[in-house]
Amino acid sequence: MNPRVLLFTGKGGVGKTTSAAATAISAARAGIETLVMSTDAAHSLGDALDRDLTGTGRGEPLAIEPRLSALQVSGRRHFDGSWDVVQEYLVTTLGALGVDPVVAEEMTSLPGAEEIAALLELRTQAESGRWELIVVDCAPTAETLRLLAFPENLAWHLRRMLPGTAGMRRAARPAAAAALGIPLPGPEVVDIVRRWHDDMLAVRALLAADRSSVRLVTTPESVVIAESRRTWTSLSLYGYCVDAVYVNKILPAPDPGEAVGSGAAGFLRSWNQAQARGVAEVVESFEGIPVVRSPYLDREPIGPDALHTLAQSLDLGTLAGADLLATVPTSPMAVRRTDQGFDLALHLPLTSASEVGLQRRADELLLTVGEHRRIVTLPSVLRRCDVAGARVRSGRLTVAFVPDPAQWPR
């Protein structure tokens, strides 16, 4: 069985590393075999645990205490020279089209190397059978969204490079290739591309499974909450489940004995009121999702014991202990039959119709929300249908399809 996977992300500085590390410590001390790993180049996880994780980039986690190990992902461990083979083919192809070799090499440098390394390391650890729980301290939200969109996006591009696909047939028709002097990819290149394609599909399946979820970390400030709201929408666009929101750095109430308007007490009361409004906004925005409130401590929680003390101070309920290993309810993209044809539905919380872009392209549906785009390969039943309309209601996008008479038997 795959382990439970928890990914923590949030705007830089909100305390996501502390939240991830505290969760991992708490789980391990509850008897769960736990790995906490970081994909954040800032290397804050080692600082939070008060351990040097620089040597773990080779893929061997460091034992922190019984049932808990930690790992800092290295961007180079998973590249065994296979990309050099693909790059050589691409450079040769561009050279045949007249592109300068130096420019061609720069153009074909490995895109998303850090993202690929992080995803492949997560898959390796998940398949090792060593862990019941993997906690991932992700990079800030923008980088995390790129990371989580990467498997599906890269698989789409790689699929178009494989023989027999429409993309490869268009790009490398033998007659056209011969006329331009473009070499067709050899068996070694094709094998590498196919392996990478399969790897990305496996990673995507792991992240979208009902044993994987994301926990958003925020603070009770309007700007940070607004980013968290957008992040929830974007994660839903890519098909990922958010199962909790952590609100960190909540200031303590002032001493009731101090005068209301006096210096520090008045300042603190103003912040208390503003933060109370912020917490209320989080609860309202993320309706139906547990909200965990975390206090602003009088000192940094550094080291396993301090992190465990922090975790014990939180009202985690079913988000802690053995309940951590339970599956999570997901809202995947679903197809259902209607009187007119079919509906394709996707959970898109906090979204209005004006923010959603929709375009049909052959067997694919291009969905955009703000700056984020997802290319959905349509199920076979919908490929023989036309888009009849779309609507967004109560945080759900529904695309209506009607059968194309030319492709459906009478």
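Everything that follows concerns the structure shown earlier in this document.
The structure reproduced in this document is the subject of the present report.

Cut-offs and rules
- Residues numbered from 1 in each chain as written.
- Predicted model: local features only at pLDDT ≥ 70, side-chain atom pairs only at ≥ 80, totals over all residues.
- Heavy atoms only, no water.
- Helix = DSSP H or I, 4+ residues; strand = E, 2+ residues; numbered from the N terminus.
- Buried < 20%, exposed > 50% of the residue type's maximum accessible area, 1.4 Å probe, protein only.
- Patch = residues over 30% accessible without salt bridge, like charges linked within 9 Å, V, L, I, M, F, W, Y side chains within 5 Å.
- Areas by Shrake-Rupley, 256 points an atom, 1.4 Å probe, with all protein chains shown as cover.
- Salt bridge = Lys/Arg side-chain N within 4 Å of Asp/Glu carboxyl O.
- Lys, Arg positive; Asp, Glu negative; His and termini not counted.
- Charge placed at Lys NZ, Arg CZ, Asp CG, Glu CD.
- Pairing = 2+ DSSP bridges.
- Axes fitted to C-alpha atoms, helices over the stretch in contact; angles between N-to-C directions.
- Phe/Tyr/Trp six-rings, centres within 6.5 Å; stacked < 30°, edge-to-face > 60°.

Our next topic: the environment of Gly303. Looking at the element boundaries, Gly303 is found in the loop between β8 (291–295) and α12 (304–313). Its relative accessible area of 9% is what places Gly303 among the buried residues. Put simply, Gly303 and Ala48 are 255 residues apart on the chain and 6.1 Å apart in space, counted from C-alpha to C-alpha.

With that out of the way, let us pick up a negative patch on the surface. Together, Asp84, Glu88, Glu188 and Asp191 make up a negatively charged patch on the protein surface. Relative to the helices and strands, Glu188 resides in helix α9 (residues 187–207).

On to the sheet that holds strand β2 (residues 34–38). As summarised here, the arrangement of the eight strands in space is β3-β4-β2-β5-β1-β6-β7-β8, forming an open sheet in which the pairing is mixed. Pairing within the sheet leaves two strands with one partner each, and these edge strands are β3 (62–65) and β8. The mean inter-strand angle of the sheet, taken between neighbouring strand axes irrespective of direction, is 25°. Looking at chain direction, strand β1 (residues 4–10) and strand β6 (residues 212–218) are connected through six bridges and run parallel. Looking at the pairing, Thr9 lines up with Leu216 of β6.

The next point concerns the pairing of strand β11 (residues 356–361). Inspection of the sheet shows β11 paired to strand β12 (residues 364–369) by six bridges, in the antiparallel sense. Of the residues in β12, the one forming a bridge with Leu358 is Leu367. Counted along the chain from β11 to the antiparallel partner β12, the turn is two residues long, and its residue Ala362 has a positive phi close to 55°.

Let us now look at the packing of aromatic side chains. Under the defined criterion, the tally for this structure stands at two aromatic pairs. Measuring from centroid to centroid gives 5.5 Å for Phe8 and Tyr246, while their planes differ by 70°, and the two rings are edge-to-face. Residue Phe8 is located in strand β1, and its partner Tyr246 is located in strand β7 (residues 242–250); the two are separated by 238 residues in the primary sequence. Of the residues examined, Tyr246 reaches a relative accessible area of 2% and is grouped as buried.

This part covers unusual backbone geometry. Of note, the phi angle at Leu350 is positive, near 60°, even though the residue is not glycine. Here Leu350 shows up in the loop between β10 (342–347) and β11. Leu350 gets classed as partly exposed once you look at its relative accessible area, which sits at 32%. Of note in this structure, Ala362 is not a glycine but carries a positive phi near 55°. Looking at the element boundaries, Ala362 is found in the loop between β11 and β12.

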